[in-house]
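These are the residues of each chain, in order.
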Amino acid sequence: MLTQPALAQAPNPLLPHNLSPWGMFLNADIVVKAVLIGLAFASLVTWTVWLAKTIELRLASSRARRRIVMLEQGGSLRDAVHACDGERDAIAQLVLSTAREAELSGGIVDDGFKERVALRLERVEAAMTRQISRGVGILATIGATAPFVGLFGTVWGIMNSFIGISESHTTNLAVVAPGIAEALLATALGLVAAIPAVVIYNHLARVIAGYRALLGDASAQLLLLISRGQRSRAVPLPHAAE
């Protein structure tokens, strides 16, 4: 007969030997595994979007600032068109759209021309903002849903734990502990996916708002340029992206 110390040292067959996060994942129920994989994928998407959008916004903002400096130096609309010829960045689209309206208006600068240019610039700004914002909305979705997905995995794991208690006819902690650990792992991973998604979404939203302000500054510089009475006919241009 085993003594009390020997019983304490004997391994419990009901308790998994590996309670590390990876071990709990391998021993988890198929539903909990699916939840954990989905949350890990959502976290990967979050950081991928952050890296891609950070690089894109940094390059776009740097290019926009250079264009604004060029517009602030004065000159004519024709000079701005030549400087942006063949380029596809947002400020270049604003310049080309203004030049296109000047071409359609016969180079006549009046109040009606300024209103038409302002409408065109507003449309291009909105289009460029939508383009730079693509992919950011998924961060809001991940931030809003990941905690609830993790909670679903938690509820499912705890439910399986109580089923295990019922089937084993024992309240031994060794029976219920693995399922609860797996459930809490789902909750933790849900928060790991959700918290960075919300923080990154708010950060990118602020950066995009700053980028849109740069587009607004460029539009204002173009309106100032044409209001100075530049009446030279714009060179023929293709339609700008709108």
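Criteria and thresholds
- Residues numbered from 1 in each chain as written.
- Predicted model: local features only at pLDDT ≥ 70, side-chain atom pairs only at ≥ 80, totals over all residues.
- Heavy atoms only, no water.
- Helix = DSSP H or I, 4+ residues; strand = E, 2+ residues; numbered from the N terminus.
- Buried < 20%, exposed > 50% of the residue type's maximum accessible area, 1.4 Å probe, protein only.
- Contact = heavy atoms within 4.5 Å.
- pLDDT = per-residue confidence, 0-100.
- Core = buried A, V, L, I, M, F, W, Y, C linked by side-chain atoms within 4.5 Å.

**Thoughts on the environment of A144**
And then number 1: The topology assignment puts A144 in helix 7 (residues 137-168).
And then number 2: Separated by 53 residues in the primary sequence, A144 and A197 have C-alpha atoms spaced 8.9 Å apart.

**A short note on the side chain of T98**
And then number 1: Structurally, T98 can be placed in helix 5 (residues 90-104).
And then number 2: For T98, a relative accessible area of 1% corresponds to the buried category.
And then number 3: Residues in contact with T98, not counting those within four places in the same chain, are L77, V117, L121, L222 and I226.

**Concerning the confidence of the model for the protein chain**
And then number 1: For the protein chain, the average pLDDT comes to 80, and 77% of its residues sit at 70 or higher.
And then number 2: Confidence drops under a pLDDT of 50 for residues 1-14, and excluding neighbours within four residues, the segment shows seven contacts in the predicted structure.
And then number 3: Every residue in residues 230-242 scores below 50 in pLDDT, and together they form 32 contacts with partners more than four places removed in sequence or on other chains.

**Notes on the nonpolar core**
And then number 1: Counting 51 residues, the largest nonpolar core has L94 and Y211 as the members making the most contacts within it.
And then number 2: Elements that contribute at least two residues to this core include exactly helix 3 (30-72), helix 4 (77-84), helix 5, helix 6 (111-133), helix 7 and helix 8 (173-227).

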